[in-house]
Amino acid sequence: CDAGYRFSSGSCTACGSLTYSLGGTATTCTSCSGCSACTKTTGVCQTCKAGYTLVNGKCSACGSLTYSLGGTETTCKSCSGCSECSTSTGICTKCKAGYKLENGKCNACGLMTYSLGGTVTTCTACSNSCSSCDNTNGKCINCKPGSTSSSSTGICKEGGSMTYSIWGALTP
């Protein structure tokens, strides 16, 4: 059979959509993996499905935390701030700590706010006794003047209230 056809029951049958054959005595047509369009005679991809990139006539799947809209894109883009995202759309379904989920995107928490990540849609304010805090867990990095910390517990104390600080790195 000619390329683009397979041999079946004594005759040649054309390969179906998104499949190819090099011809000869081939009895099956091979799938054009990841392609949205390919040549029936060689299997060379012309365009790729979403979630794949086109490199040297082949479609390669995007890896974890990357995406591609397909077509003739040659590189996967990063799902910025995501801990889970769609490889075909880039829409985030979960965020890393320090980010909040808004309309399928992960946006960084602002100053003096934090998020543990996941599907949270708002960042939480850090303690008032902190002058700076870690945006991934809310722990104080530095205490405000007038607040004290214990290096053994890493807690800032202000007027009887207590807040955590990172690993007790602050000095009394």
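You'll find the structure just up there.
Residues numbered from 1 in each chain as written. Predicted model: local features only at pLDDT ≥ 70, side-chain atom pairs only at ≥ 80, totals over all residues. Heavy atoms only, no water.

## So, the overall build of the protein
1) Next: Helices and strands together make up the secondary structure of the protein, namely zero helices and 21 strands.
2) Next: By the burial criterion, 33% of the 172 residues in the protein qualify as buried.
3) Next: Counting contacts in the protein only where the partners sit at least 6 residues apart, residues at least 24 apart contribute 13% of the total.
4) Next: Summing over all exposed atoms, the protein offers an accessible surface of approximately 9,600 Å²; the carbon and sulfur share of this is 53%. (Helix = DSSP H or I, 4+ residues; strand = E, 2+ residues; numbered from the N terminus. Buried < 20%, exposed > 50% of the residue type's maximum accessible area, 1.4 Å probe, protein only. Contact = heavy atoms within 4.5 Å. Areas by Shrake-Rupley, 256 points an atom, 1.4 Å probe, with all protein chains shown as cover.)

## Here we look at the state of the cysteines
1) Next: This structure, assessed with the given rule, holds twelve disulfides.
2) Next: Here Cys95 connects covalently by a disulfide to Cys106, the sulfurs 2.1 Å from one another. On the sign convention where negative means left-handed, the S-S torsion of about -95° between Cys95 and Cys106 marks this disulfide as left-handed. With a gap of eleven residues between them, Cys95 in strand E12 (residues 92-95) and Cys106 in strand E14 (residues 105-108) connect regions that are remote in the sequence. As far as burial versus exposure is concerned, Cys95 and Cys106 are alike and both buried. (Disulfide = S-S within 2.5 Å.)

Function-wise, these values are silent; they only describe arrangement.
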